[in-house]
Amino acid sequence: KQEVTQIPAALSVPEGENLVLNCSFTDSAIYNLQWFRQDPGKGLTSLLLIQSSQREQTSGRLNASLDKSSGRSTLYIAASQPGDSATYLCAPDWRGSTLGRLYFGRGTQLTVWP
Amino acid sequence: NAGVTQTPKFQVLKTGQSMTLQCAQDMNHEYMSWYRQDPGMGLRLIHYSVGAGITDQGEVPNGYNVSRSTTEDFPLRLLSAAPSQTSVYFCASRADVSYEQYFGPGTRLTVT
């Protein structure tokens, strides 16, 4: 079974800082990996999808890297803003499942204060 | 596109009652799935479907049934509600394993 760990569990920073959120997974046989954002009381919003053949993917101030061999992904958030406050979840898509289902970490709860 | 829609948004049930959580998507996605989210447990897969007429169990299927008669709809049925089923339920869909998974807004269910 795929186990996903996200560190740190919570992060509180002042506005403007560059942030690093970490995700590790136990089985490197993945199709891809997605990063999601979840606001309180809301559903999950997909931020980035990295295919297993890619090393990184960028969208605006967000950059996600993937090192499949070591079972790690990192989400960088540049120049953080209060609107970035949310829980960030990573989810590798494991080849070991016939569905290609996503396995979720428990998330990093981010608070950016003005 | 409306994306993935779920109804109702909130529901309170008494123990032993049954109900159906509705999920629909208008993106012609083959893959659909139901997750539940509980504090400290993360998201756990209940049931999934890889196309109309095809469903299978996830990691926490007990007490839930699904069917997939059309590509668009994937309802989740609670057979006899129990307090342990108090949770937030999310429906999700994707076109293929190479593509992003999209989530609905969730249904918050309380069983008393």
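Residues numbered from 1 in each chain as written. Chains lettered and ligands numbered in written order. Predicted model: local features only at pLDDT ≥ 70, side-chain atom pairs only at ≥ 80, totals over all residues. Heavy atoms only, no water.

Asks: Mind showing me how you'd approach the sheet that holds strand E8 (residues 76-78) of chain B here?
Replies: Each strand in a sheet pairs with another by means of backbone hydrogen bonds, the pair being arranged parallel or else antiparallel. Residues and elements named next belong to chain B. Pairing in this open sheet of 4 strands is antiparallel, and the strands run E1-E3-E8-E7 from one edge to the other. Of all the strands in the sheet, just strand E1 (4-7) and strand E7 (64-66) have a single pairing partner and so form its edges. Adjacent strand axes in the sheet meet at a mean angle of 20° when their direction is disregarded. In the sheet, E1 pairs with strand E3 (residues 19-25) via 4 bridges, with the strands oriented antiparallel. Residue pairing for E3: Thr 5 is matched across the bridge by Ala 24. (Pairing = 2+ DSSP bridges. Helix = DSSP H or I, 4+ residues; strand = E, 2+ residues; numbered from the N terminus. Axes fitted to C-alpha atoms, helices over the stretch in contact; angles between N-to-C directions.)

Asks: What am I meant to see in the side chain of Arg 44 of chain B here?
Replies: Residue and element names in this part refer to chain B. Within the element layout of this structure, Arg 44 appears in strand E5 (residues 42-51). Side chain to side chain, Arg 44 and Asp 38 meet in a polar contact 2.9 Å long. Setting aside anything within four residues of it in sequence, one finds Arg 44 in contact with Trp 34, Tyr 35, Arg 36, Asp 38, Glu 59 and Val 60. (Polar contact = N/O pair within 3.5 Å; in protein donor to acceptor, adjacent residues only side chain to side chain. Contact = heavy atoms within 4.5 Å.)

Asks: What exactly am I supposed to notice about the state of the cysteines here?
Replies: A covalent bond bridging the sulfur atoms of two cysteines is what the word disulfide describes. Residues and elements named next belong to chain A. As enumerated under the stated definition, the model contains 2 disulfides over all chains in all. Across a sulfur-sulfur distance of 1.9 Å, Cys 23 and Cys 90 are joined as a disulfide pair. The sign of the 60° torsion about the S-S bond sets the Cys 23-Cys 90 disulfide as right-handed. Placement of the pair is Cys 23 in strand E3 (residues 19-25) and Cys 90 in strand E9 (residues 86-94), with a sequence separation of 67 residues. For Cys 90, a relative accessible area of 0% translates into the label buried. (Disulfide = S-S within 2.5 Å. Buried < 20%, exposed > 50% of the residue type's maximum accessible area, 1.4 Å probe, protein only.)

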